[in-house]
There are 2 protein chains.
Amino acid sequence: MKIHVVKIGGNLINDQKFLDSSLEAFCQIKGNKVLIHGGGRKANIVSDQMGITKKFLQGRRITDKKTLDVVVMTYAGLINKNIVAKLQSYNCNALGLCGADGNCMKSYLRLKKTKTDIDYGYVGDLTNQSINISLIKLMMENHIVPVLCPITHNGKGDLFNTNADTIAAYIAISLKKYYEEVELHFCFEKKGVLRNIHDSGSYYPKIDFRLFQKIKKNHSISNGMVPKLENAFFALNNGVSKVSIGLPYYLINDVNNKTILCL
Amino acid sequence: MKIHVVKIGGNLINDQKFLDSSLEAFCQIKGNKVLIHGGGRKANIVSDQMGITKKFLQGRRITDKKTLDVVVMTYAGLINKNIVAKLQSYNCNALGLCGADGNCMKSYLRLKKTKTDIDYGYVGDLTNQSINISLIKLMMENHIVPVLCPITHNGKGDLFNTNADTIAAYIAISLKKYYEEVELHFCFEKKGVLRNIHDSGSYYPKIDFRLFQKIKKNHSISNGMVPKLENAFFALNNGVSKVSIGLPYYLINDVNNKTILCL
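Residues numbered from 1 in each chain as written. Chains lettered and ligands numbered in written order. Predicted model: local features only at pLDDT ≥ 70, side-chain atom pairs only at ≥ 80, totals over all residues. Heavy atoms only, no water.

A. A look at the overall build of chain A. When you go through chain A residue by residue, the secondary structure sums to 8 helices and 14 strands. Projected onto the principal axes, the alpha-carbon positions of chain A cover approximately 50 × 45 × 35 Å. For chain A, with 263 residues in total, the buried portion stands at 56%. Once local pairs closer than 6 in sequence are excluded, the contacts in chain A between residues at least 24 apart make up 71%. Of the roughly 11600 Å² that chain A leaves accessible, carbon and sulfur atoms contribute 49%. If the 35 positive side-chain charges of chain A are averaged to one point and the 21 negative ones to another, these points end up 3 Å apart. (Helix = DSSP H or I, 4+ residues; strand = E, 2+ residues; numbered from the N terminus. Buried < 20%, exposed > 50% of the residue type's maximum accessible area, 1.4 Å probe, protein only. Contact = heavy atoms within 4.5 Å. Areas by Shrake-Rupley, 256 points an atom, 1.4 Å probe, with all protein chains shown as cover. Lys, Arg positive; Asp, Glu negative; His and termini not counted. Charge placed at Lys NZ, Arg CZ, Asp CG, Glu CD.)

Next comes the structure, spelled out in structure tokens:
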């Protein structure tokens, strides 16, 4: 049995037209599937509207208490519920979850290891034991499609902000327990990992681990792409059958326009 | 088989201490249970922070598009997920739902019947067919406790604001299909329906329909209490075994401090 794990992020979330067509493509995937969404830029808009100062360090969000409330509202509320409502309108029986729901994603607060480490605030990291895969399986058996937002919990009543790409990788890896074949698709508004960020056609059709190490070292890929690729290789290294990065369009038309990752 | 449907609202949601003790009381209910929460005042705070003008007519919120986003964020995100995380920390396997999740509460947009009717905006009304009770049953069978927020959907991709007391009544009525005994408890920060709003001890121990009609007519109960009592009698008239109004405390200590409704 096969399952598709699809992560949508970037501008696909911000732009309603992009989002709708991404969800339509997702609906057309036959068989078992799980959706994971990000939504960072919407959280910025809500923060601005609420007059909450956004803090970033080395391109990563610092989640203080007020920002945590904003991301919980935006990810688990606004984005997640609008996606679920839209999927329902396409006859896809979606059900939205944050990590606390059914204890499906348990994390622990990211700790500073040394004094000079950055304190990211209310950020939750996952482990191999984080995913309650039996809940996902129960949903599959009952033809319910899980839609996960990047909010996790620690089991002690606290919610945390967690990277959506990392969640997608852990979900895909955990599903290996029940499914022979797990495909992980990172969808965003570009055709794949670009050689030249200013040329949308310049995507790598294939990246193996050696090439990744090379382009990471010589900084020929954008900073934001590095953790995504690290999550991709983490998934491949842990038994996920196929990992790809690209437009949601290829989910239904399996054209070559995407980047395939391989070990 | 018996099931408890508990609705928490009013100041129980605004005050963290009240909320925590309400959730503790809820956890101590043995057997099958469903939680429904409101949260109107938190939505007001978020609206204010976002600089969105609140509109009320005859004490009822007008849900324009911006306000809809606020209530979705606040009810389905902030309040729902914090409640679920807290319940999980009490070893209660809670899972939060809005109406779009698993298509569990389908509503239709409240229409103006005459030109002079108030347009409440994005407000969804329920019918006898609204509740997808099979999802609730699936959760019960798997020891998952549903936590419902007052956001519904129309199946066409739209989310609506719906009264939490009304949702509680419809859920209780729908559960009659699977459970011999359904108890519905409206919990708030008072001991029951007060004779004198300034005297917290002046609650009615029992209200039958005749008394309700009388006190409604002579305006001896507050305006906000009338729709709650109407929902209570609607539930009783449709087979719900027991309906009560009062503090969450009595959920675990079945003292007389509450108002019991009867036909």
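B. Summary view of the relation of the copies chain B and chain A. Laying chain B over chain A is done by rotating through 180° and shifting 0.0 Å along the axis; what remains is an RMSD of 0.0 Å. Both copies of the chain, as the preceding transformation shows, are related through a two-fold rotation axis. Taking C-alpha positions as reference, the residue of chain B nearest the rotation axis is Gly 77 of chain B, located at 1.9 Å. (Least-squares fit on C-alpha atoms with pLDDT ≥ 70 in both.)

C. Here's a closer look at the nonpolar core. In this structure, Leu 175 of chain A together with Leu 175 of chain B are the most contacted members of the largest nonpolar core, which totals 98 residues. If we skip the residues at most four places from it in the chain, Leu 175 of chain A touches Ile 3, Val 5, Val 34, Ile 133, Ile 136 and Val 182 of chain A. (Core = buried A, V, L, I, M, F, W, Y, C linked by side-chain atoms within 4.5 Å.)

D. Region of the structure containing the sheet that holds strand E1 (residues 2-8) of chain B. Residues and elements named next belong to chain B. Read across the open sheet, the 8 strands follow the order E5-E8-E2-E1-E11-E13-E14-E12; overall the sheet is mixed. Whereas interior strands pair on both sides, the edge strands pair on one side only; in this sheet they are strand E5 (94-97) and strand E12 (206-208). On average, each strand axis in the sheet is inclined to that of its neighbour by 20°, with strand direction left out of account. Of the strands in this sheet, E12 and strand E14 (259-262) are in contact with helix H7 (residues 209-217), which crosses E12 at around 90°. (Pairing = 2+ DSSP bridges. Axes fitted to C-alpha atoms, helices over the stretch in contact; angles between N-to-C directions.)

E. Geometry of the state of the cysteines. All names here are of chain B. Within this structure, the stated rule accounts for 0 disulfides over all chains. Counting only cysteine sulfurs, Cys 149 is the nearest neighbor of Cys 98, a cysteine outside any disulfide, at a range of 5.3 Å. Cys 98 gets classed as buried once you look at its relative accessible area, which sits at 0%. (Disulfide = S-S within 2.5 Å.)

F. Local environment of the pairing of strand E13 (residues 242-246) of chain A. Residues and elements named next belong to chain A. The element E13 is largely enclosed, with a buried count of 4 among its 5 residues. Across 5 bridges, strand E11 (residues 181-187) lies against E13 in parallel orientation. By the bridge assignment for E13, Leu 184 is matched with Val 243. In the sheet, E13 pairs with strand E14 (residues 259-262) via 3 bridges, with the strands oriented antiparallel. Bridging across to E14, Ser 244 finds its partner in Ile 260.

G. Representation of the sheet that holds E13 of chain A within the structure. All names here are of chain A. Taken together, 8 strands build an open sheet; the order of strands is E5-E8-E2-E1-E11-E13-E14-E12 and the sheet is mixed. Strands with a single pairing partner mark the edges of an open sheet, and in this sheet they are strand E5 (94-97) and strand E12 (206-208). Adjacent strand axes in the sheet meet at a mean angle of 20°, parallel and antiparallel pairs treated alike. Two strands pair when backbone bridges link them, and strand E1 (residues 2-8) and E11 are joined in this way by 7 bridges, in the parallel orientation. Residue pairing for E11: Val 6 is matched across the bridge by His 185. In this fold helix H2 (residues 16-27) packs onto E1, strand E2 (32-37) and strand E8 (145-148), with an angle of close to 160° to the strand it touches most, E2.

H. Here's a closer look at the side chain of Ser 202 of chain A. All names here are of chain A. Structurally, Ser 202 can be placed in the loop between E11 and E12. Here Asn 196 takes part through its backbone nitrogen, which lies 3.0 Å from a polar atom of the side chain of Ser 202. Polar side-chain contacts of Ser 202 include one of 2.7 Å to the backbone oxygen of Asp 199. Contacts of Ser 202, omitting those with residues within four sequence positions, involve Val 193, Leu 194, Arg 195 and Asn 196. (Polar contact = N/O pair within 3.5 Å; in protein donor to acceptor, adjacent residues only side chain to side chain.)

I. Up close: the packing of aromatic side chains. In this structure the tally under the stated criterion is 8 aromatic pairs over all chains. Note on Phe 212 of chain B and Phe 233 of chain B: the rings are 5.2 Å apart at their centroids and 20° apart in plane angle, and the pair reads as stacked. Within this pair, whereas Phe 212 of chain B is found in helix H7, its partner Phe 233 of chain B is found in helix H8 (residues 225-237), the two being separated by 21 residues in sequence. A network of ring pairs unites the aromatic residues Phe 209, Phe 212 and Phe 233 of chain A as a single cluster. Sitting above the plane of the Tyr 120 of chain A ring, Arg 110 of chain A keeps its charged end 5.0 Å from the centroid. Over the aromatic face of Phe 188 of chain B sits the side chain of Lys 228 of chain B, whose NZ or CZ is 5.5 Å from the ring centroid. (Phe/Tyr/Trp six-rings, centres within 6.5 Å; stacked < 30°, edge-to-face > 60°. Lys NZ or Arg CZ within 6 Å of the ring centre and 35° of its normal.)

Function-wise, these values are silent; they only describe arrangement.
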